[in-house]
Amino acid sequence: VETELNVSGGVGADGQLDFDAEGRLDLRLTGGVFPQARSPNGRLDLLAHVAGPIAAPVLIGTGRLTGAGFTVKSAPVTFTGLTGDLAFSQNRVLFDRLDGAANGGRVRLRGEVELQRLLPVAFRLEGEADQVSVAMPVWLPATVSGRLELNGRPEAMAMTGRLHVLRGRYSQNVDLERSLVEFRRQLAAPRA
């Protein structure tokens, strides 16, 4: 496990914190922090400062992700090789550009994660995808490129954007004659 953290500073007589931290964190240790991310990996190099009263400390810092990855629990998407800089506080993590891969295609992400007690509670993410393989729905595997936005809380996310299907494969039998009969029945059915 590649984790090393050097902390210096102390607590003043008035109860004020003043700490600096520098080091690297193996992201495998964050397995339970992000409930939607399974099998996190990679490394975070960080530089942080904690100051203020013990009851309400203020955290500010910067970091660099190297080779980060995870699998999204609720979707068949695996991110790998995410690399880029981020800034954080006790309330928010911001990143302007994380480059990496998703399901074998290239991705670029930017956005922010809102934190509460250092745990994620809301997201605002924008992503550009280039030749990413997806299978949603499972019976229609495709390769897509485009832009997506995710906003909301982990339990209630809204997704918007525009994707171009570069390739897709539908392997179910198509019965055009039966489909036309069903379509005509729907047209002929009286409306209330």
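Asker: When you look at the nonpolar core in this model, what are you seeing that I'm missing?
Answerer: As a rule of thumb, soluble globular proteins bury nonpolar side chains together. Judged by nonpolar contacts, the single largest core of 23 residues is most densely connected at Leu65, Phe79, Leu86, Val93 and Phe95. Listed by contribution, the elements that provide at least two residues to this core are strand 3 (37-53), strand 4 (58-72), strand 5 (78-89), strand 6 (92-102), strand 7 (105-116) and strand 8 (119-134).

Asker: How do you make sense of the sheet that holds strand 8 when you look at a structure like this?
Answerer: Through backbone hydrogen bonds, the strands of a sheet pair up, either in parallel or in antiparallel fashion. The sheet built from 10 strands is open, its strands ordered 1-2-3-4-5-6-7-8-9-10 with antiparallel pairing. A strand with exactly one partner marks an edge of an open sheet, and here the two such strands are strand 1 (4-11) and strand 10 (156-168). Strand-to-strand twist across the sheet, computed as the mean angle between neighbouring axes with direction ignored, equals 10 degrees. In the sheet, strand 1 pairs with strand 2 (residues 16-26) via 8 bridges, with the strands oriented antiparallel. Considered in strand 2, the bridge of Glu4 is made with Arg24.

Asker: What is the right way to read the pattern of salt bridges from this model?
Answerer: When charged atoms on two side chains of opposite charge get close, those side chains can pair. Inspection of the entire model under this criterion finds 15 salt bridges. The salt bridge involving Arg147 is made with Glu126; its shortest N-O contact spans 3.8 Å. Placement of the pair is Arg147 in strand 9 (residues 142-153) and Glu126 in strand 8, with a sequence separation of 21 residues.

Asker: Sorry, what's going on with the pairing of strand 8 here?
Answerer: Side-chain direction in a regular strand flips from residue to residue, so the side chains alternate between the two faces of the sheet. In this structure, strand 7 lies alongside strand 8, joined through 11 bridges in antiparallel fashion. Across the sheet, the residue bridging to Gly111 is Leu125, located in strand 8.

Asker: What is the right way to look at the environment of Gly105 in this model?
Answerer: Here Gly105 shows up in strand 7. Owing to a relative accessible area of 3%, Gly105 belongs among the buried residues under this scheme. As for Gly105 and Ser145, which are separated by 40 residues in sequence, their C-alpha atoms are 8.8 Å apart. Beyond its immediate sequence surroundings of up to four residues, Gly105 is in contact with Gly100, Asp130, Gln131 and Val132.

Asker: How should the environment of Arg169 be read in this particular structure?
Answerer: Positionally, Arg169 belongs in the loop between strand 10 and helix 1 (176-188). Taking the C-alpha atoms as reference points, Arg169 and Arg117, separated by 52 residues in sequence, lie 45 Å from one another. Setting aside chain neighbours within four positions, we find Arg169 in contact with Trp139, Leu140 and Pro141.

About the criteria used
Residues numbered from 1 in each chain as written. Predicted model: local features only at pLDDT ≥ 70, side-chain atom pairs only at ≥ 80, totals over all residues. Heavy atoms only, no water. Core = buried A, V, L, I, M, F, W, Y, C linked by side-chain atoms within 4.5 Å. Buried < 20%, exposed > 50% of the residue type's maximum accessible area, 1.4 Å probe, protein only. Helix = DSSP H or I, 4+ residues; strand = E, 2+ residues; numbered from the N terminus. Pairing = 2+ DSSP bridges. Axes fitted to C-alpha atoms, helices over the stretch in contact; angles between N-to-C directions. Salt bridge = Lys/Arg side-chain N within 4 Å of Asp/Glu carboxyl O. Contact = heavy atoms within 4.5 Å.

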